[in-house]
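Chain by chain, the residues:
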Amino acid sequence: MDDRTHRFQSSLDAVTFEVLRNALITIVDQMADQVRRTCYSFVVYNRDFSNALCDADGNTIAQGNQDLAAHVGTLHYTCKAVIAEFGEDIHEGDVFLINDPYSGGSHFSDTRVLVPIFHGGERIAFAQANGHWADMGGSVPGSFDVTARDMFKEGIRIPPVRIWRRGEYCYDVARLIAKNTRDPAAIIGDMDAQTQACKLAEREIGRLVRKYGVATMKTAFAEVQDYVERVVRNRIAALPDGSWSTVDYVDQDPAGEEGLIPVCVRMTIAGDAVNFDLTGSHGTIGSMYNSAFGGTYAGIVSGMKTFFPDIPLNSGLYRAVSVTVPDDTIVSARWPVAVSGFVMPFEKIMNSIFELWSRVMPERSLACAFNIEYLQTGGHDARFPERPFFMFYDWLSGGWGGRKGKDGLNVTSSCFGAGIMVQSVEGQERLCPVRVDQMEIATDSAGPGEWRGGVGLDKASTVLEVERAVISYFCDRERSVVWGLDGGLPSRPHGLWLEQNGVEQFLGAVFSDVPVVAGAKFRRGTAGGGGFGDPLDRDPLRVREDVADDYVSLERARTDYGVVLTVVDADLCEYAIDEAATQAERARIRAARRGRLAADAAHVAARYRAGELDILDAVRHYGVLCNWGTGELLPNSTAEFRRMMHERSARHWRD
């Protein structure tokens, strides 16, 4: 055994320890069932929520099997914020509420309910249920105003407050919060659902205390954390010491000059601990795409946990991880900087950490995953005489990056939260005056590679009977396009097209509060994952299967993979490989591709505007970024993107 490794030794017998360790996780999963069965909002119903048990000091004991990555690493902070605020003034029958991102939370929509758990007058634990409330007030429906520079346009900020006091419901406090949103009934309903989930946990912990005794349970609370700490430290100790660094990008600062916004991550392993240093990341920007420390920490923990999937998650893991973050950056925003879009730097942190762990554990390498996107259309539903307010709140799945020896996952929830569900079209159409016209796998959306990325989706909708309706889109990677690794190529840009009154325009991936009328149509697609490895090394048989599955078109099989196919029977999806033509095409691409990455960017943009190149040619082969609606070159963004492509792709190509 390495002299840096340690053996975990429980003071409980092995059977009791394992029973209680798994019982605590099961309780959190039961909380999830309670929330989903009793919530009011469609957003929460589709699993945009997480739960946790914490010990008396606020340290996480257990989280559930489908909790969202974006909530991981923040729930203990909000529990500690409640303890810091109320101290000894916490009593049996109290229920607390908090959504404050500046107190360790994520963003204002993620609202947490906490219930202290007592035995014999002693506080022994907390139960916590976090749900993404679909509207928190603010300047736009859905509360995601991408132009917000401070929190005052983002909705109501809730510091730790009581909504139940010693068993008495604080109706006035709950009503004050709910009345500051566009859907008070759903807010009250979700608040009650989360409260009852916590009460369920309180009852289950009480049952275990009666069976095993309070001393045994408190020991279990401590030792499940000690166990995870030992496992994590031993895993880290078995890896080589060293430092690795990378950079990923948020698309833009809407209030600043054109150019990508860097998020820098350096990972250092020393002995049995790991440090993540985000020094060098850009300062806070003039939109809501900033992250407070809680969201940043969650991204770090979630990225690391992806490479240690078998280890249970609690505060024991946090003891082996330290974080260095300079003040007032896009990853360390402080009040009152807008942070509702924290998920954009969050996902850049996660994907950066995927890349860094891929260097340390190359057998588990993973290219970039697509970026989560939210579309929000809100207004008054003219189908009903009372004109109720509606909220079409939508997100899509997409592709994860190619892996060492495996293609990426197709149409999967984002790394923001793999447990989140894609909303059903039928449910959306029942609730909102919006018709879904298309929802299908997007051919050619996957990043090409020896192991291709997973594929994304295309979705199109029509606005029906509405009054005073607006649309907002909260997304990224329109410019910092999902990247490949070790020679792999990028996927495709995000962005939304809107057609109304006979005019179609590209609105991009960052806009808010655009008026829409009945009959307006909008469409957008998610990116696939980045490719892993040189696409010219992909087995032509696999490319042929991709074409048969409609993941890759005949044309892009040739241009991206250099594989020339002939149609045998299109109806039966049968194709033949022209081996001689394939060898010649791959040789031609090898000879030309480095030169294309150095081609004059303005000339490439002109060719794109003229229709000589399509959007995938511009991105994958020339590394050129444009305003995809007008074709205008983005010179600063292109320069950064090309540097990224040289580092992650071209450097690994064989001539």
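Calculation criteria
- Residues numbered from 1 in each chain as written.
- Predicted model: local features only at pLDDT ≥ 70, side-chain atom pairs only at ≥ 80, totals over all residues.
- Heavy atoms only, no water.
- 1 Å grid on protein atoms, 1.4 Å probe; cavity = no way out; pocket = protein on both sides within 12 Å on 5 of 7 lines; lining within 4 Å.
- Points joined across faces, edges and corners; volume = space filled by probe spheres on them.
- Helix = DSSP H or I, 4+ residues; strand = E, 2+ residues; numbered from the N terminus.
- Domains from an automatic or database assignment.
- Nonpolar A, V, L, I, M, F, W, Y, C, P; charged D, E, K, R; others polar.
- Salt bridge = Lys/Arg side-chain N within 4 Å of Asp/Glu carboxyl O.
- Buried < 20%, exposed > 50% of the residue type's maximum accessible area, 1.4 Å probe, protein only.
- Pairing = 2+ DSSP bridges.
- Axes fitted to C-alpha atoms, helices over the stretch in contact; angles between N-to-C directions.

Explain the layout of surface pockets here, please?
To find leftover empty space, a probe the size of one water molecule is rolled over the atoms. Estimates place the volume of the largest pocket at around 890 Å³. Per-element accounting of the lining of the largest pocket gives the leading share, four residues, to helix α7 (residues 293–306). Here the lining of the largest pocket spans two domains, and each of domain 1 (14–231) and domain 2 (365–533) adds at least three residues to it. Its boundaries defined by the atoms lining it, the second largest pocket holds a volume of some 560 Å³. Mapped onto the lining of the second largest pocket, the elements with two or more residues apiece are α2 (42–45), α5 (184–212), β13 (389–395) and α10 (425–431). Of the residues in the lining of the second largest pocket, the class split is 16 nonpolar, three polar and seven charged.

So what exactly am I meant to see when it comes to the pattern of salt bridges here?
Oppositely charged side chains are able to pair whenever their charged atoms sit close together. Summed over the entire model, instances satisfying the criterion amount to 46 salt bridges. The salt bridge partner of D272 is R233, with a shortest N-O separation of 3.3 Å. Here the residue D272 occupies a position in the loop between β9 (261–270) and β10 (273–277), and R233 occupies one in helix α6 (residues 214–237), the gap between them amounting to 39 residues. Here D394 and K459 are joined by a salt bridge, their closest N and O atoms 3.0 Å apart. With D394 in strand β13 and K459 in strand β15 (residues 457–463), this pair connects stretches of sequence that are 65 residues apart. Of the two residues examined, D394 and K459, each falls in the buried class. In this structure, a network of salt bridges that share partners links the residues D226, E229, R230, R233, D272 and R319.

What am I meant to see in the sheet that holds β15 here?
Each strand in a sheet pairs with another by means of backbone hydrogen bonds, the pair being arranged parallel or else antiparallel. Across the sheet, which stays open at both edges, the five strands sit in the order β14-β15-β20-β17-β18 with antiparallel pairing between neighbours. For this open sheet the edge positions go to β14 (434–441) and β18 (503–508), each flanked by a neighbour on one side alone. Ignoring strand direction, the axes of neighbouring strands in this sheet form an average angle of 15°. As paired elements, β15 and strand β20 (residues 521–525) share five bridges and run antiparallel to each other. In the sheet register, T462 faces β20, and the bridge partner there is K521.

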